[in-house]
Amino acid sequence: MSQVSQQVLDIAVQYLGPAAERFLERQTKAHMDNLPFADLKRSDIPTLASWVRTSAALIIDKKKAEELAERISRLG
Amino acid sequence: MYTYGETKNALKETTQDELRGLASIIATQIDGDAMAALRPGDEETPAFVAIRHQLETIRQSNPDILYLYTMRQAGDTVEFIVDADYGVEDGAAIGEVYDRVFPELLAGFTAPSVDSEFTTDGWGTVLSGYAPVRDSSGTVVGLVGVDMDSSRVMQRQDFIGNTIFVIIGIAVLIAGGIIALFSRTIIRDIKTLNATANAISTGNTGVTIGIERRDEIGELADSFGRMVASLKIMMDTDAGEK
C-alpha cells in the first residue's frame, strides 16, 4: 500500500471503522478508472476527496462526511 | 450554617467594638470632677442635672443606645452615680447598688471594655460597653456604661442570616437548573443512541448519528457511528457482490 493510501486509510478509519478500506477501494474502482486503492497517488487525492464527500454522506452524518473529505483533501 | 455562624460572630464583634468606642468617647465628655462629688441625695443639684441631661441628649441622638449611666466602685460593690433614666421610668438614683458585678464591668474602671456575652438583669437583656471617667487630674472616678438592647443586635444578625439564606437559596436553584439542563441533554443523547441501535437491530441501516459532544457520551456516539458506518459498508458490499 502506498504511503498516501495509508494516510487516507488512517483518517477514514476514524469515521468509517474497520470497513473503511473496503469503502475506499469501492470509490477508487467505481469512480477512478478501476484504480486499486493501494496504488493511490497524491495527484488522485482531489478526485477521491470529492467522491468521498458524496458517498460518505450516504453512510454517516453529512457534517462528519464533509469533515472526512476535507481532511483527505488536505493530503493532496 | 458555618458562614452564618461566622457572620453572626463577626457582627457581634463589630457591635462590641462599636460599644467600646462609643463608651470611650462619651467618657471623655463627662465632667469627672463634678461626677466624683455627687453623693446620694444630690439628684436635684445642677451638677447631677447637667450630667443626666448630657447623657440623655447623647442617648436620644443614638437609637442603638438603650441605657446610658455612670457608676463607681464602693468597696466590693458597684453603685450608680448618674442614670440618664433617673426620674423617668425605673432609673437608678445616686448610690443605688448594682447587684451584679462581673469581670468586664470591673475592667471598665481601668480601660474601655465590653461584655463578652449578652447579660440579663432587671432592665432586660443587653450588651454593654464601659469606659473609665477621669477627673481633671486624670484619676479614674468611675465609668460610663452604654447598653445596647439585645433585640437591636438580633435584628442585625437576622438581617444577615436572612440575606445568607436567600443567597444560598438562589445558588441552589441555579445549580439545580444547570444540573437538570445537563442531565436532560445527556438523557436525550442516550435516547438517540438507543433509538439508532434499535433501528439497526431491526434492519434499518438508513440511520445517522448526529450527536456532537466533547465528553464520554460524545466518544460513545463516535464509536457507535463508526460501527454503524462499517456495518452499512459491509452490507452494501455484500449486496453488491450478490
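Placed above this text is the structure.
Cut-offs used in this document
- Every chain's residues receive numbers from 1 upward, in the order its sequence appears when written.
- Labels are handed out in written order, letters beginning with A for the chains and numbers beginning with 1 for the ligands.
- Whole-chain, interface and lining totals are the exception, using all residues; otherwise, since this is a predicted model, local features are given only for residues with pLDDT of at least 70 and side-chain atom pairs are given and counted only at 80 or more.
- By convention in this description, side-chain values take in all heavy atoms of the structure and omit both hydrogens and water.
- Think of each axis as a best-fit line through the C-alpha atoms, taken over the contacting stretch in the case of a helix, with angles from 0 to 180 degrees between the N-to-C directions.
- Starting at the N terminus, helices and strands are each numbered in turn, a helix being any DSSP run of H or I of at least four residues and a strand any DSSP run of E of at least two.
- For any helix crossing, the convention is left-handed if the near helix is rotated counterclockwise from the far helix by under a right angle, and right-handed if that rotation is clockwise.
- Any pair of residues with heavy atoms lying within 4.5 Å of one another is described as a contacting pair.
- Polar here means any residue outside two lists: the nonpolar Ala, Val, Leu, Ile, Met, Phe, Trp, Tyr, Cys and Pro, and the charged Asp, Glu, Lys and Arg; Gly therefore counts as polar.
- Buried area, as used here, totals the accessible surface that two parts lose on assembly, with accessibility defined by a 1.4 Å probe and the loss added over both.
- Any Lys or Arg side-chain nitrogen found within 4 Å of a carboxyl oxygen on Asp or Glu counts as a salt bridge.
- Side-chain atoms alone can form a polar contact between residues adjacent in sequence; in general such a contact is a pair of N or O atoms within 3.5 Å, and within protein one must be able to donate a hydrogen while the other accepts it.

**Quick look at the packing of helix α2 (residues 20–31) of chain A against helix α3 (residues 45–56) of chain A**
Two quantities define a packed helix pair, namely the angle between the axes and the distance from one axis to the other. Residue and element names in this part refer to chain A. One way to put it is that α2 packs onto α3 with a least axis distance of 10 Å and a crossing angle of 115 degrees. Classified by chirality, the crossing of α3 by α2 is right-handed. On α3, the residues touching Phe23, Leu24, Gln27, Thr28 and His31 of α2 are Leu48, Trp51, Val52, Ser55 and Ala56. Tallied by class, residues from the contact of α2 with α3 come to six nonpolar, four polar and no charged.

**Details of unusual backbone geometry**
Residue and element names in this part refer to chain A. The phi angle at Asp33 is positive, at roughly 55 degrees, despite the residue not being glycine. Tracing the backbone through its elements, the reader meets Asp33 in the loop between α2 and α3. Although it is not a glycine, Asn34 adopts a positive phi angle of roughly 60 degrees. On the secondary structure map, Asn34 appears in the loop between α2 and α3.

**What to know about the interface of chain A and chain B**
Between chain A and chain B, the contact holds 16 residues from the first and 16 residues from the second. Summed over both sides, the interface of chain A with chain B buries roughly 1300 Å², with 56% coming from carbon and sulfur. The largest contributions to the chain A side of the interface with chain B come from A:Arg22, A:Arg26 and A:Ile59, which together make up 41% of the buried area. Counting across the interface, chain A meets chain B through one salt bridge. The partner of A:Lys64 in a salt bridge is B:Asp222, with the nearest N and O atoms 3.3 Å apart. Put simply, chain A and chain B have five residue pairs in polar contact (both at pLDDT 80 or more) between them. With four residues, the top contributor of residues to the side of chain A that touches chain B is helix α1 (residues 3–16) of chain A. Its residues assigned to classes, the side of chain A that touches chain B comprises nine nonpolar, two polar and five charged.

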